[in-house]
Amino acid sequence: MNLLTKLSVAAAAAALLLSGCAAPAKTADVSQPTQISASASASATPSPTADPDRDMNAALILKKTADVYRQRMAEAHGYAVTKNTEALDTFWLLMTDMVHGHGRFVSLSQRAYSDASDLYGEAPTPAALDDWDDVMDANGPLVTHATLWREAGNEAEYQATLNVLDQADRLANQLSSKAQYTSTPLPPLVPGA
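Quick look at the structure, then.

Moving on, we get to the packing of aromatic side chains. Under the counting rule described, the total for this entry stands at six aromatic pairs. Measuring from centroid to centroid gives 5.2 Å for tyrosine 69 and phenylalanine 105, while their planes differ by 65°, and the two rings are edge-to-face. Of this pair, tyrosine 69 sits in helix H2 (residues 52-81) while phenylalanine 105 is found in helix H4 (residues 104-118), placing the two residues 36 residues apart along the sequence.

Before going further, it helps to examine unusual backbone geometry. Its identity is not glycine, yet lysine 83 carries a phi of approximately 60°, on the positive side. Since its relative accessible area comes to 69%, lysine 83 is described here as exposed.

In a pair of packed helices, the angle between the axes and the distance between the axes together describe the arrangement. In the contact formed by H2 and H4, the axes pass within 8 Å of each other and the chain directions differ by 170°. Comparing their axes, H4 and H2 come out roughly antiparallel. Here Ala58, Ile61, Leu62, Thr65, Val68, Tyr69 and Met73 of H2 come into contact with H4, specifically with Arg104, Phe105, Val106, Leu108, Ser109, Ala112, Asp115 and Ala116. Considered class by class, the residues forming the contact of H2 with H4 number eleven nonpolar, two polar and two charged.

Along its 30 residues, H2 runs 42 Å from first to last C-alpha, staying within 8% of the 44 Å computed at 1.5 Å per residue. Lysine 83 occupies a position one or two residues after H2 and carries a positive phi of about 60°.

Another aspect to go through is the packing of H2 against helix H5 (residues 127-136). Between H2 and H5, the least distance of the axes is 12 Å, while the angle of their chain directions is 15°. Here H5 runs roughly parallel to H2, going by the angle between their axes. H2 and H5 meet at a crossing whose hand is left-handed. Taking contact as the criterion, the partners of Leu62, Thr65, Ala66 and Tyr69 in H2 are, on H5, Leu129, Trp132 and Met136. Residue classes in the contact of H2 with H5 are distributed as six nonpolar, one polar and no charged.

Further remarks concern H4. For H4, built from 15 residues, the straight-helix expectation of 21 Å at 1.5 Å per residue is met to within 8% by its first-to-last C-alpha distance of 21 Å. When we look at burial in H4, the residues that qualify are Phe105, Val106, Leu108, Ser109, Gln110, Ala112, Tyr113, Ala116 and Ser117.

Mapped onto the elements of the fold, glycine 103 is located in the loop between helix H3 (85-96) and H4. Expressed as a C-alpha distance, the spacing of glycine 103 and leucine 93, which sit ten residues apart in the sequence, is 8.8 Å. In contact with glycine 103, other than residues within four places in its own chain, are Met95, Thr96 and Asp97.

As enumerated under the stated definition, the model contains four salt bridges in all. Close ionic contact of arginine 54 with aspartate 55 constitutes a salt bridge, the shortest N to O distance being 3.5 Å. Neither residue differs from the other here; arginine 54 and aspartate 55 are each classed as buried. Put simply, arginine 70 and aspartate 166 hold a salt bridge, and the shortest N to O gap is 3.3 Å.

Conventions used here
Residues numbered from 1 in each chain as written. Predicted model: local features only at pLDDT ≥ 70, side-chain atom pairs only at ≥ 80, totals over all residues. Heavy atoms only, no water. Phe/Tyr/Trp six-rings, centres within 6.5 Å; stacked < 30°, edge-to-face > 60°. Helix = DSSP H or I, 4+ residues; strand = E, 2+ residues; numbered from the N terminus. Buried < 20%, exposed > 50% of the residue type's maximum accessible area, 1.4 Å probe, protein only. Axes fitted to C-alpha atoms, helices over the stretch in contact; angles between N-to-C directions. Parallel < 35°, antiparallel > 145°, perpendicular 65-115°, else oblique. Contact = heavy atoms within 4.5 Å. Nonpolar A, V, L, I, M, F, W, Y, C, P; charged D, E, K, R; others polar. Expected span 1.5 Å × (residues − 1). Left-handed = near helix turned anticlockwise from the far one by under 90°. Salt bridge = Lys/Arg side-chain N within 4 Å of Asp/Glu carboxyl O.

So, in C-alpha cells, the structure goes:
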C-alpha cells in the first residue's frame, strides 16, 4: 500500500470516528496486552540495487523515529506513574489532536517512512521498510497498543508499546546492520510538568 493510499485510509477512518459511525476497537480484558501482529509485505517486490550508504541512511531515519516514540512514551509513562493527570491529558492532546490515528503520533512515522522511501527513488523499497511502515502506521500495532494503554492505563499495554518499538528497530537493522543511532534526549512535550 503506498503512502497516499495509507493517508487516505487514515483520513477516512478519522472521519468515521469523528462522525460517530465507528469507534476504536476495545478489548474486554485490559489486564493483558492485546495480541496484534503486523503482516509481512503482501507483495513480493524485487530487492533494490545494493547501496550500503542509502540503506544505512534509511535505517537511521527509522531508528531515530522509533527513539523519538520511545522517549515520548517514557514521558507519558512518567506522568501516569506520578498520577499527573493534567500533564498526561495535555500530552495525549498534543500527540493525537484528540483523534485516534491522527496528530503528531501518526505524522512522525508517516514522515519517516516517506523520507526513507524517497532515498530509493524509483527503485522498489525493501520489504523491511514496508514492514516497518505496517508496524508504525495509523492502523498498526504501535498506535493500537499505545491507544489501549492510554485508555486503560494498563502497564502491560505500555510494555507492548515498547515491544513494538523494539520490533521497529529490528526491522531497521534488516535494512542495514551498520546503522548505529545514538539517542539524544528530547525536551518534554509538556514543559514544566
